Amino acid sequence: MKPELAVIDIGSNSVRLMLGTATDGRVSAVHKELCMTRLAKGIDKNGSLAPDRVQATVEAIRLYKQRADALGVPVIAYATSAVRDATNREA
């Protein structure tokens, strides 16, 4: 089954990709991937995301976006509260 959309979940410890189809308002997974980036590692020390963890996460997102683009499907991305609440969340 050909995917119709991609979802990228940017979590505290991993970035996940789900390629799926939508039927009657419900999404069914066709393919799933996981990349451990440990984005929130050390955030409890000063409230900010470590630059090396941000870079690893950006690389995973870039890879997943490229895969979705190659399939010609739209991407939906969302991030964990660790990203939203970090003092350097703009990075």
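Numbering of residues starts from 1 in each chain and follows the order in which that chain's sequence is written. Confidence filtering applies because this is a predicted model: local features only for residues at pLDDT of at least 70, side-chain atom pairs given and counted only at 80 or more, and all residues used for totals across whole chains, interfaces and linings. The side-chain values count all of the structure's non-hydrogen atoms but skip hydrogen atoms and water molecules.

Caption draft 1: Here's a closer look at the pattern of salt bridges. Salt bridge, as used here: a side-chain nitrogen of Lys or Arg that lies within 4 Å of a carboxyl oxygen of Asp or Glu. The final tally for this structure, using the stated rule, is 3 salt bridges. For Arg-53, the salt bridge goes to Asp-52, with nearest N and O atoms at 3.4 Å. Looking at Asp-52, the relative accessible area reads 47%, which means it is partly exposed. Partly exposed describes any residue whose relative accessible area lies between the buried limit of under 20% and the exposed limit of over 50%, with all areas from a 1.4 Å probe on protein chains only and scaled to the type maximum.

Caption draft 2: Spotlight on the nonpolar core. The biggest cluster of nonpolar side chains holds 15 residues, and the ones touching the most others in it are Ala-6, Ile-8, Leu-17 and Leu-39. Elements are defined by DSSP. Helices are runs of H or I of four residues or more, strands are runs of E of two residues or more, and each kind is numbered from the N terminus. Contributing elements (two or more residues each) for this core: β1 (5-10), β2 (14-23) and α2 (51-71). Top contributing element to this core by residue count: α2, with 4 residues. Definition used in this section: a nonpolar core is a set of buried Ala, Val, Leu, Ile, Met, Phe, Trp, Tyr and Cys residues joined via side-chain atoms within 4.5 Å.

Caption draft 3: Looking closely at the sheet that holds strand β4 (residues 75-79). Only strands joined by at least two bridges in the DSSP assignment are considered to pair. Spatially, the 4 strands line up as an open sheet ordered β3-β2-β1-β4, and their pairing is mixed. Each edge of the open sheet is held by one strand with a lone partner, namely β3 (26-36) and β4. The mean angle between the axes of side-by-side strands here comes to 20°, regardless of whether they run parallel or antiparallel. Of the pairings in the sheet, the one linking β1 to β2 comprises 6 bridges and is antiparallel in character. Paired with Ile-8 across the bridge in β2 is Leu-17. Contacts are assigned to residue pairs with any non-hydrogen atoms lying within 4.5 Å of each other. To get an axis, a line is fitted to the C-alpha atoms, and for a helix only the part in contact is used. The angle between two axes follows their N-to-C directions and goes from 0 to 180 degrees. The strands touched by α2 within the sheet are β1, β2, β3 and β4, with β2 carrying the most contacts at an inclination of about 25°.

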